[in-house]
Amino acid sequence: MGACGVLVRPLVEALRRYVLAPGKVHSDDTPMPVLAPGYGQTKTGRLWIYVRDDRNSGSEAPPAVWFAYSPNRQGQHPQSHLTGFSGVLQADAFPGYDKLFADGQIREAACMAHVRRKLHDLHVKKATPTTTEALRRIGELYAIEAQIRGQPPDQRQRIRQAQSRPLLDSLEIWLRQRLLTLSTQSDTTKAINYLLNQWQALIYYCDDGTAEIDHNIAENALRGCCLGRRNYLFLGSDSGGELAAAMYSLIGSARMNGIDPEAYLRYVFTYIADHPVNRVDELLPWNVADRLKLTAT
């Protein structure tokens, strides 16, 4: 596996360049247990995910995902990963991203699903008029998104400005009014404040037809990691974490393009050793899809 990792390193780097080209990228992270030699236990490493996928806004550009491993969850890691990137970063409210937005080169788009989840968890424990109404209003926003999914950015922006933005303005006024009637220490107050503290980033998507209402695109791409984590129990080392990130990048990108990951990896490992490194982009999943079909027949 280590030798395989060396072989595909230029290909994974080409994938990274593609994913982090100027535009919009979704980001998230997940903990990964990593064996800590000499201690008889594991430590907690991190897999970071960066996804380029604009199919919801009518783009025909191939979707792709790039994973990166780090031994901890310090903000320096996403800041390093996104050096040179410009455009929209759609992510949760992790403080480690904050420095990326300082010079305006990267614009922040937050995740409505995260704030909705906090309200939903409270609603499940004990439904109240406040949680019921908040979830209803957020549901209206998602209903609009379902109707415009796949349409071009200018049309999505126009509909959001006409339909979503008035709902959001009304939601903000209603939430601030509700705060006046709630205990400052209540869980509902904390959930509402969490939402309002991200308000400008949450409503950003109304001004940009390529942005999404949430970053579920990244969360969905992480599901394979979460499933694997329950089966292989831990990564063997930090270098093993880097190798896992590389393989997850290739497997995830193949899957996003409707390509059988096993067939794709078989093709890559068959030809990459003799393939010119300055043309390694030719081995990206969407560039070999037709050849894989011919091989299968």
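In the block above lies the structure referred to throughout.
What you see is a predicted model; the values in this text were computed from it and never measured.

(A) Spotlight on the nonpolar core. In this structure, Leu11, Leu82, Leu89 and Tyr264 are the most contacted members of the largest nonpolar core, which totals 41 residues. Elements that contribute at least two residues to this core include exactly helix H1 (2-19), strand S2 (41-52), strand S3 (64-70), helix H10 (238-256), helix H11 (261-271) and helix H12 (285-296). For this core, the element with the highest residue contribution is H1, accounting for 7 residues. Setting aside chain neighbours within four positions, we find Leu89 in contact with Val25, Ser27, Leu82, Tyr97, Leu100, Phe101, Ile106, Arg107, Glu108 and Ala109. Counting residues in each nonpolar core, the second largest holds 28 residues, with Leu175, Ala191, Trp199 and Ile213 among its members.

(B) Structural detail: the packing of helix H4 (residues 129-148) against helix H5 (residues 153-179). The contact between H4 and H5 brings their axes to 10 Å, and the two run at 175 degrees. Our classification of the angle between H4 and H5 gives roughly antiparallel. Within the contact between the two elements, H4 uses Thr130, Glu133, Ala134, Arg137, Ile138, Glu140, Leu141, Ile144, Glu145, Gln147 and Ile148 and H5 uses Arg156, Ile159, Arg160, Gln163, Ser164, Leu167, Leu168, Ser170, Leu171, Trp174 and Arg178. Here the residues of the contact of H4 with H5 are counted per class, giving 10 nonpolar, 5 polar and 7 charged.

(C) Region of interest: unusual backbone geometry. The backbone of Leu233 sits at a positive phi, close to 70 degrees, despite the residue not being glycine. Of note, Leu233 is situated in the loop between helix H9 (223-232) and H10.

About the thresholds
Residues numbered from 1 in each chain as written. Predicted model: local features only at pLDDT ≥ 70, side-chain atom pairs only at ≥ 80, totals over all residues. Heavy atoms only, no water. Core = buried A, V, L, I, M, F, W, Y, C linked by side-chain atoms within 4.5 Å. Buried < 20%, exposed > 50% of the residue type's maximum accessible area, 1.4 Å probe, protein only. Helix = DSSP H or I, 4+ residues; strand = E, 2+ residues; numbered from the N terminus. Contact = heavy atoms within 4.5 Å. Axes fitted to C-alpha atoms, helices over the stretch in contact; angles between N-to-C directions. Parallel < 35°, antiparallel > 145°, perpendicular 65-115°, else oblique. Nonpolar A, V, L, I, M, F, W, Y, C, P; charged D, E, K, R; others polar.

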